[in-house]
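Next come the chains, spelled out residue by residue.
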Amino acid sequence: MKLRNLWKAAAMLSLSAILIVLMLAAGLLGFTLVSGLLERSWTVSAQQLSQGLDFTGSGYSFDQEELLDEHDLWAMLIGQDGRVLWSYRKPSDVPEAYSLTQVASFVRWYLNDYPVQTHIREDGLLVVGGPKNSTWKHDIVLSYESLSLAPWWFGCLALLTLAAVLGLSALMLRRWFHQEQQSRDAARSDWINGISHDIRTPLSLVMGHASQLERDPSLGAEQHRRAAIIRRQSQTIRELVNDLNLTMRLDSTMQPLRRETVSPSALLRQAAADLLNSGQADGYPLDLDLPEEPLPPLEADAFLLRRAIGNLLTNCVRHNRPGCSIRLGGAG
C-alpha cells in the first residue's frame, strides 16, 4: 500500500510538472495575443490611412478622421522638400519642417517621444503617430540562423524546466520516503523493544522456577523431565526474542559491526559450550571435531558470528529427533 501511494504521488508530481510547462506555454501565447489586441495605436496601418489621403489640386482631402480619432492617432505628410504639406491632429511640439537626417532618425522609432510609423507616397512621406508613452519600440535584429534555432531553443528551455520540476519532485519524494521509512522503523523498533521487555520479565521467572523444580529432590523423575521441558522451551523463546531484536537492529543499521581477529577454534568451542550449558542439547550427542593445527584467524564480528553458529545448532536440535548426533568442526 505504501509503494502504491508512492507511485501515485510520483505520477501526480509528474503530471503537475507537465501542467506547469503547458501553462507557461499557454501563458506566453495568451500574453502575445492579448498584447496584440492592446496595440490600439498600430491596429491601423499607415498604408491603409494613406489610401484616404488625396490631393485635389488646391489641397488635400482626408476621409479617415474618425479612424484616427477612434485610435487616438495623429498624421502628417512631409513633402519632398522636407516641409509638412498636410496634417491632422499634429501635436504642437512636432516641427513643421525636417531635414534628411531628421527623417532618418525617426522613420522607424520615435519623433519627439511620439511612437510613429511611416508610409512612402509619390508626393512625400506619410507619418502616423500615437500618444507619448503608449507604445514601446525596440530594434530586434536576428539572423536567419538564429531565427531557425529559436524553436529548438525554446523547446530545450521547456524540457529543462520540466526536468528541473521533476528533479525537485524526485528529491521531495525521496526525502518524504526517507522520513516515512525512518518513522516506520522507529515505530517498529519501539514496538519490538516493548514486546521484548514484556516477554523477558515473565520468561525469566518461568525459567528460574523451572530450574528450581528440575533440581528439587522432592520431585520425581517425571516432574523433573517436565520441568526440564519447560526450561528448554523457555530458553527457545528467549533465543527467538534475542534473534528478533538482533534482526531489527541489523535492518535498521543500529547494530555496528565490531571487526576483530577471531579464532575459529575458540569460537566453535564457545558455541558448543553455550549449547550444552543451555540444556537444549540433552538427548543430542554433540561431537566437537577440530583439526590438530589451529584454524587460520578471521576478521569478523565475534558476537554476530557466534550468534549465527548458535542459531544453526539450535535449529539442529529443534528440527531433528532426539538421538540425532550433531557434529561441529572445521576442515583442516
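Residues numbered from 1 in each chain as written. Predicted model: local features only at pLDDT ≥ 70, side-chain atom pairs only at ≥ 80, totals over all residues. Heavy atoms only, no water.

Take the overall build of the chain next. Looking only at helices and strands, the chain features 8 helices and 11 strands. Out of the 332 residues belonging to the chain, those deemed buried represent 29%. Within the structure as shown, the chain displays about 22400 Å² of accessible surface, and the carbon and sulfur contribution to it stands at 61%. (Helix = DSSP H or I, 4+ residues; strand = E, 2+ residues; numbered from the N terminus. Buried < 20%, exposed > 50% of the residue type's maximum accessible area, 1.4 Å probe, protein only. Areas by Shrake-Rupley, 256 points an atom, 1.4 Å probe, with all protein chains shown as cover.)

Within a pair of aromatic rings, the relevant descriptors are the distance that separates the centres and the angle that separates the planes. Evaluation of the coordinates by the stated rule reveals 5 aromatic pairs. Ring centres 5.8 Å apart and planes at 85° place the aromatic pair Trp74 and Tyr114 in the edge-to-face group. With a gap of 40 residues between them, Trp74 in strand β3 (residues 74-78) and Tyr114 in strand β6 (residues 114-121) connect regions that are remote in the sequence. One aromatic cluster is present, built from ring pairs that chain together Phe62, Trp86 and Tyr88. (Phe/Tyr/Trp six-rings, centres within 6.5 Å; stacked < 30°, edge-to-face > 60°.)

With that settled, the discussion passes to unusual backbone geometry. Phi is positive for Arg89, close to 60°, though the residue is something other than glycine. Relative to the assigned elements, Arg89 resides in the loop between β4 (84-88) and α4 (100-106). We note that Asp113 has phi near 70°; this positive angle belongs to a residue other than glycine. By relative accessible area, which is 55% here, Asp113 ends up exposed.

Another aspect to go through is the side chain of Gln117. Mapped onto the fold, Gln117 is located in strand β6. Overall, the relative accessible area of 17% leaves Gln117 in the buried class. Among the polar contacts listed, one links the side chain of Gln117 to the backbone nitrogen of Ala46, at a separation of 3.5 Å. (Polar contact = N/O pair within 3.5 Å; in protein donor to acceptor, adjacent residues only side chain to side chain.)

A few words on the sheet that holds strand β7 (residues 124-129). Strand order in the open sheet made by the 5 strands is β4-β3-β7-β6-β5, with antiparallel pairing throughout. Edge positions in the open sheet fall to β4 and β5 (110-111), since each of these has one partner strand only. Pairing between β6 and β7: 6 bridges, direction antiparallel. Looking across to β7, one finds that Ile120 is bridged to Leu125. (Pairing = 2+ DSSP bridges.)

Helix length check: helix α8 (residues 302-318) (17 residues) gives 24 Å between terminal C-alpha atoms against 24 Å at 1.5 Å per residue, within 8%. Three or more residues of α8 are buried, namely Ala302, Leu304, Arg307, Ile309, Leu313, Thr314 and Val317. (Expected span 1.5 Å × (residues − 1).)

On the surface, a nonpolar cluster with roughly 360 Å² of combined accessible area is contributed by Trp191, Ile195, Ile199 and Ile237. In terms of residues, the nonpolar patch owes the most to one element, helix α5 (residues 144-215), which gives 3 residues. As for its placement among the helices and strands, Ile237 is situated in helix α6 (residues 221-251). The class of Ile237 is partly exposed, set by a relative accessible area of 39%. (Patch = residues over 30% accessible without salt bridge, like charges linked within 9 Å, V, L, I, M, F, W, Y side chains within 5 Å. Salt bridge = Lys/Arg side-chain N within 4 Å of Asp/Glu carboxyl O.)

With that out of the way, let us pick up the pattern of salt bridges. This structure, assessed with the given rule, holds 8 salt bridges. A salt bridge links Asp69 to Arg89, with the shortest nitrogen-to-oxygen separation between them at 3.2 Å. Here the residue Asp69 occupies a position in helix α3 (residues 65-70), and Arg89 occupies one in the loop between β4 and α4, the gap between them amounting to 20 residues. Taking relative accessible area as the criterion, Asp69 reaches 40% and is therefore assigned partly exposed.

Along the chain, Asp72 falls in the loop between α3 and β3. Judged by its relative accessible area of 36%, Asp72 falls in the partly exposed class. The spatial distance from the C-alpha of Asp72 to the C-alpha of Pro131 is 7.2 Å, given a sequence separation of 59 residues. Leave out the neighbours within four places in its chain, and Asp72 touches Arg89, Gly130 and Pro131. Side chain to side chain, Asp72 and Arg89 meet in a polar contact 2.9 Å long. (Contact = heavy atoms within 4.5 Å.)

Counting residues in each nonpolar core, the largest one holds 15 residues, and the members touching the most others are Leu268, Leu275, Ile309, Leu313, Val317, Ile326 and Leu328. Secondary structure elements with two or more residues in this core: α7 (264-278), α8 and β11 (326-329). When residues no more than four places from it in sequence are discounted, the contact partners of Val317 are Leu275, Gln280, Tyr284 and Ile326. (Core = buried A, V, L, I, M, F, W, Y, C linked by side-chain atoms within 4.5 Å.)

A separate point is the confidence of the model for the chain. Predicted confidence across the chain gives a mean pLDDT of 78, with 85% of residues reaching 70 or more. Per-residue pLDDT, averaged within each element of the chain, yields its smallest value for helix α1 (residues 2-38) (66) and its largest for β3 (95). (pLDDT = per-residue confidence, 0-100.)

Glancing now at the environment of Asp69. For the pair Asp69 and Tyr88, spaced 19 residues apart in the sequence, the C-alpha separation amounts to 9.9 Å. Among residues more than four places away in sequence, those in contact with Asp69 are Tyr88 and Arg89. A polar contact is formed between the side chain of Asp69 and the side chain of Tyr88, at a distance of 3.1 Å. Within the local environment of Asp69, its side chain forms a polar contact with the side chain of Arg89, the two groups lying 3.2 Å apart.

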